[in-house]
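Letter by letter, the chains look like this.
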Amino acid sequence: MGGPMMGGRGSRGRALPQTGYGPGAETAAEKAAREAASEQVATPPGGPGDRIRDVYAELAETGAGPKGRWIDLADLREQLGDLPRAEVDQALRGLIDDDRVRLEPEPHRHRLGDRERDAAIRIGGEDRHKLWIGPDRS
């Protein structure tokens, strides 16, 4: 507390409010941070789990094969590059509670490159490289 002190008998040494420093006042650093945050591109709506499902659907449709095919986590992570890895990992772990979602290791380990190894998520002591989400039950 850098303001002038109130003195006198029985005083507890409380600081007097200074102009621009009272409750609700914004410092220059806070203002700069607020302005910088407002200039950043907004994160698309939906939580990480929804985003994973949306990106999965796009990747599964554009690839060869039927809807509901296996996709590489490396491709998924590339599309979700704006999200922190820890957030994506947490969402993936949450999705495996859905019996329509599978995270599995690459069955042909010799096909794995650095990109695929780096994108893997470790679950149950095993690296998982592939994601499959089955169709919604309607």
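Calculation criteria
- Here, residues in each chain are numbered from 1, in the same order as that chain's written sequence.
- Restriction of local features to residues with pLDDT of at least 70 applies here, the model being predicted, together with a cutoff of 80 or more for giving and counting side-chain atom pairs; totals for whole chains, interfaces and linings are based on all residues.
- Think of the side-chain values as coming from all heavy atoms in the structure, minus any hydrogens and water.
- Segments assigned H or I by DSSP are reported as helices when at least four residues long, segments assigned E as strands when at least two residues long, and all are numbered from the N terminus.
- Only protein chains enter the accessibility calculation, which uses a 1.4 Å probe; a residue whose area is less than 20% of its type maximum is buried, one above 50% is exposed, and one in between is partly exposed.
- Contacts were defined at the residue level, with two residues in contact if any of their heavy atoms lie within 4.5 Å.
- Accessibility throughout is a Shrake-Rupley quantity obtained with a 1.4 Å probe, and a residue counts as covered only by protein chains that appear here.
- Each pair of aromatic rings taken from Phe, Tyr and Trp, with Trp reduced to its six-membered ring, is defined by centres within 6.5 Å and is described as stacked if the planes are under 30 degrees apart, edge-to-face if over 60, and tilted in the remaining cases.
- Among the buried residues, those of types Ala, Val, Leu, Ile, Met, Phe, Trp, Tyr and Cys that are joined through side-chain atoms within 4.5 Å form a nonpolar core.
- Whenever a carboxyl oxygen of Asp or Glu lies within 4 Å of a side-chain nitrogen of Lys or Arg, that contact is scored as a salt bridge.
- In short, DSSP must find at least two bridges between two strands for them to pair.
- Every angle, taken between N-to-C directions, lies between 0 and 180 degrees, and every axis is a line fitted to C-alpha atoms, over only the stretch in contact when it is a helix.
- A residue's pLDDT is the confidence the predictor assigns to it, expressed on a 0 to 100 scale.

Trainee: It is not clear to me how the overall build of the chain should be interpreted in this structure. Could you clarify?
Mentor: Secondary structure assignment for the chain yields 5 helices and 5 strands. For the chain, the succession of helices and strands along the chain, N to C, is α-α-β-α-α-β-α-β-β-β. Residues classed as buried in the chain amount to 28% of the 138 residues present. Sequence separation of 24 or more characterises 60% of the internal contacts of the chain that already satisfy a separation of 6 or more. A total accessible area of about 9700 Å² is found for the chain, and carbon and sulfur atoms account for 50% of it.

Trainee: Hey, could you run me through the packing of aromatic side chains in this one?
Mentor: In this description, a pair of aromatic rings is defined by centroid distance and the angle of the planes. Tallying each qualifying case throughout the model produces 1 aromatic pair. Ring geometry for W70 versus W132: centroids 6.4 Å apart, planes at 40 degrees, classification tilted. Taken as a pair, W70 in the loop between helix 2 (48–62) and strand 1 (71–72) and W132 in strand 5 (residues 130–133) lie far apart in primary sequence, 62 residues in all.

Trainee: For this particular structure, what's the right way to read the nonpolar core?
Mentor: One broad rule of soluble globular proteins: the nonpolar side chains tend to lie buried together. In this structure, I52, L73, L76, L80, L92, L103 and L131 are the most contacted members of the largest nonpolar core, which totals 22 residues. Elements with a contribution of two residues or more to this core: helix 2, helix 3 (73–79), helix 4 (85–95), strand 2 (101–104), strand 3 (121–123) and strand 5. With 5 residues, the single largest contributor to this core is helix 2. Residue contacts for L76: discarding those within four places in its chain leaves I52, V55, Y56, L59, I71, L92 and L131.

Trainee: Where do I start with the pattern of salt bridges in this structure?
Mentor: Between side chains of opposite charge, pairing is possible as soon as their charged atoms come close. Summed over all chains, the structure comprises 14 salt bridges. Between K130 and D72 there is a salt bridge; the shortest N-O distance is 2.5 Å. With K130 in strand 5 and D72 in strand 1, the pair connects residues that are 58 residues apart, well separated along the chain. When its relative accessible area of 17% is taken as the criterion, K130 is described as buried.

Trainee: I would appreciate a short explanation of the pairing of strand 5 in the present structure.
Mentor: Looking down a regular strand, the side chains alternate between one sheet face and the other. Sheet topology places strand 1 next to strand 5; 2 bridges connect them, and they run antiparallel. Directly across from D72, in strand 5, lies its bridge partner K130. Pairing between strand 2 and strand 5: 4 bridges, direction antiparallel. Bridge assignment links V101 to a residue of strand 5, and that residue is I133.

Trainee: When you look at the sheet that holds strand 5 in this model, what are you seeing that I'm missing?
Mentor: In a beta sheet, neighbouring strands pair by backbone hydrogen bonds and run either parallel or antiparallel. Within the open sheet, the 3 strands sit side by side as 1-5-2. Their pairing is antiparallel. Each edge of the open sheet is held by one strand with a lone partner, namely strand 1 and strand 2. Relative to the sheet, helix 2 contacts strand 1, strand 2 and strand 5, its axis offset from that of strand 5 by approximately 95 degrees.

Trainee: Could you clarify how one ought to interpret the confidence of the model for the chain in this entry?
Mentor: Predicted coordinates in areas of low pLDDT are best not read in detail. Per-residue pLDDT for the chain has a mean of 77; in total, 62% of the residues score no lower than 70. Confidence drops under a pLDDT of 50 for residues 15–22, and excluding neighbours within four residues, the segment shows 10 contacts in the predicted structure. The low-confidence segment residues 37–43, where pLDDT is below 50, has 3 contacts with residues more than four positions distant or belonging to other chains.

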